[in-house]
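An overview of the molecular structure
This is what each chain is made of:
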Protein chains: 2
Amino acid sequence: MTSYKPGLHIIAEFTTAEINLLKNAEPCKQLFDNLIYSLDLSKVGEVYHNFENGGFTAVVCLTESHLSIHTWPEFNLATFDVFLSNFKQDNNDKVKSIYAETLAFFNGIEKSKQEIER
Amino acid sequence: MTSYKPGLHIIAEFTTAEINLLKNAEPCKQLFDNLIYSLDLSKVGEVYHNFENGGFTAVVCLTESHLSIHTWPEFNLATFDVFLSNFKQDNNDKVKSIYAETLAFFNGIEKSKQEIER
C-alpha cells in the first residue's frame, strides 16, 4: 500500500450566455484538442455525444486521466471537470490552466469550483 | 440563468490487494456494463485504455454524465469518480450504489471519498 497522491481534480459549474457554444460540440472539441496539444498531454480516446435538445456531453480520456463537460443550454449551464495525475510530473498547473481556458472560452460565469487534491 | 443543481459527484481513491483486477480492464468493464444496465442508465460511449505497466484508464460517457476509473497496480491504487445528473430524476442513490458496488468488486479499502452536490 502507498501514500502516493494522484493529483489535482477541479470540478466546476459555470453559466454562460453563449448558447451556441453550449449547443455545438465542435468548437469545444477544438479547444480541448488545442489544450491537450499545447500542454503536451496524451489523448487516448474521447466521446462527444449530442443531445436532441442541443446540449452535448463529452469525456476525453488522457494517459494523465480525464476531462469532461456536460452542457445544458436550457439552463445556460455547463458542468466541467478535469483530473490529471502527477505520476510522472506535477500537472497541477495544467489542471488550473485547462479550467481557466475553458471558462474563458465559454465566456463563463463561475457558479462553483472545487479543487480537490486527490 | 438558473439555480438548477446538476447532481451528485463522488470522487474516491481506494487501495486493493487484487492486482489482477487493477491490471485487467475486462472484468471492470463487465461490472460497469452490468451496473449501467441494472440501474437503467444510458451509455453513449466509452474509452478503455491499457497501459504497458499493466494498469488501465477508463471513462464511460452516459446521457446522465460519466464515470471513470484509473488504476495504478504499482501502488495497489485506483482513482474513481462518478457523476450523474438529476435532470430527469434524482439519481443520487444510483451514484452511491455505483461507487459501493465498484469498491466491493475490487475488494477495496477506501483511502478517501468526497461526495459533491453539484
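Residues numbered from 1 in each chain as written. Chains lettered and ligands numbered in written order. Predicted model: local features only at pLDDT ≥ 70, side-chain atom pairs only at ≥ 80, totals over all residues.

Some points on the overall build of chain A
Scanning chain A from terminus to terminus reveals 3 helices and 6 strands. Its C-alpha atoms give chain A a radius of gyration of 14 Å, within 12% of the compact-globule value 13 Å for 118 residues. Each of the three principal axes of chain A carries a C-alpha extent, and together these read 45 × 25 × 25 Å. Each of the 118 residues in chain A was classed as buried or not, and the buried ones make up 42%. Within chain A, contacts between residues separated by at least 24 positions form 57% of all contacts whose residues are at least 6 apart in sequence. (Helix = DSSP H or I, 4+ residues; strand = E, 2+ residues; numbered from the N terminus. Rg over C-alpha atoms; globule rule 2.2 N^0.38 Å. Buried ≥ 20, exposed ≤ 12 C-beta atoms within 10 Å, placed from the backbone. Contact = placed C-beta atoms within 7 Å.)

Brief notes about the confidence of the model for chain A
Residue and element names in this part refer to chain A. Here chain A shows a mean pLDDT of 94. Residues at 70 or above account for 97%. The least confident element of chain A, judged by mean pLDDT, is strand 6 (residues 109-117) at 95; the most confident is helix 2 (residues 25-38) at 98. We note a pTM of 0.92 for the whole complex and an ipTM of 0.89 for its interfaces. (pLDDT = per-residue confidence, 0-100.)

Some details on helix 2 (residues 25-38) of chain B
All names here are of chain B. Spanning 14 residues, helix 2 covers 20 Å between terminal C-alpha atoms, matching the ideal 20 Å at 1.5 Å per step. All buried positions along helix 2 are accounted for by Ala25, Cys28 and Phe32. All buried residues of helix 2 project into a common sector of 65° when viewed along the axis, lining one side. Structural note: helix 2 exposes Glu26, Gln30, Asn34, Tyr37 and Ser38 on the side pointing more than 90 degrees away from its buried face. Contact partners of the buried residues in helix 2: helix 1 (19-23), strand 2 (43-50), strand 3 (56-62) and strand 4 (65-72). Asp40 sits one or two positions beyond helix 2 and adopts a positive phi of about 60°. (Expected span 1.5 Å × (residues − 1). Arc of directions from axis to C-beta.)

What about the relation of the copies chain A and chain B?
Think of it as a corkscrew move, a rotation about one axis and a shift along it, taking one chain copy to the other. Mapping chain A onto chain B calls for a screw motion: a turn of 180° about the axis and a shift of 0.0 Å along it, with 0.0 Å RMSD after fitting. The relationship between the two copies is best expressed as a two-fold rotation axis. A shared interface surface links the copies, since 100% of the contact residues of chain A are contact residues in chain B too. (Least-squares fit on C-alpha atoms with pLDDT ≥ 70 in both.)

Re the sheet that holds strand 3 (residues 56-62) of chain A
Residue and element names in this part refer to chain A. Strand order in the open sheet formed by 6 strands is 2-3-4-5-1-6, with antiparallel pairing between adjacent strands. At either margin of the open sheet sits one strand with a lone partner, and together these are strand 2 (43-50) and strand 6. Looking at each pair of strands side by side, their axes are set apart by 5° on average, direction ignored. Pairing of strand 1 (residues 7-15) with strand 5 (residues 77-85), which is carried by 9 bridges, proceeds in the antiparallel orientation. Residue pairing for strand 5: His9 is matched across the bridge by Phe83. (Pairing = 2+ DSSP bridges. Axes fitted to C-alpha atoms, helices over the stretch in contact; angles between N-to-C directions.)

Things to note about helix 3 (residues 92-105) of chain A
Residues and elements named next belong to chain A. Helix length check: helix 3, at 14 residues, gives a terminal C-alpha distance of 20 Å against a target of 20 Å (1.5 Å per residue), a fit within 8%. Among the residues making up helix 3, those that are buried are Lys94, Val95, Ile98, Tyr99 and Thr102. Relative to the axis of helix 3, the buried residues are bounded by an arc of 135° and lie together on one face. For helix 3, exposure combined with an orientation more than 90 degrees from the buried face picks out Asp93, Ala100 and Ala104. Contacts from the buried residues of helix 3 go to strand 1, helix 2, strand 4 (65-72) and strand 5. Remark: Asn107 follows helix 3 within two positions and exhibits a positive phi of approximately 55°.

Let's talk about the environment of A:Val44
For A:Val44, the location among the structural elements is in strand 2. Residue A:Val44 is classed as partly exposed on the basis of its 17 C-beta neighbours within 10 Å. For A:Val44 and A:Leu67, which are 23 residues apart along the polypeptide, the C-alpha to C-alpha distance reads 12 Å. Once residues lying within four places of it in the same chain are set aside, the contact partners of A:Val44 are A:Cys61, A:Leu62, A:Thr63, B:Val47 and B:His49.

Focus on the interface of chain A and chain B
Listed as interface residues are 28 residues of chain A and, on the opposing side, 28 residues of chain B. Looking at the side of chain A that touches chain B, the element that brings in the most residues is strand 2 of chain A, giving 5 residues. For the side of chain A that touches chain B, a count of residues per class yields 11 nonpolar, 14 polar and 3 charged. (Nonpolar A, V, L, I, M, F, W, Y, C, P; charged D, E, K, R; others polar.)

A word on unusual backbone geometry
For A:Asn107, which is not a glycine, the phi torsion comes out positive at approximately 55°. Here A:Asn107 shows up in the loop between helix 3 and strand 6.

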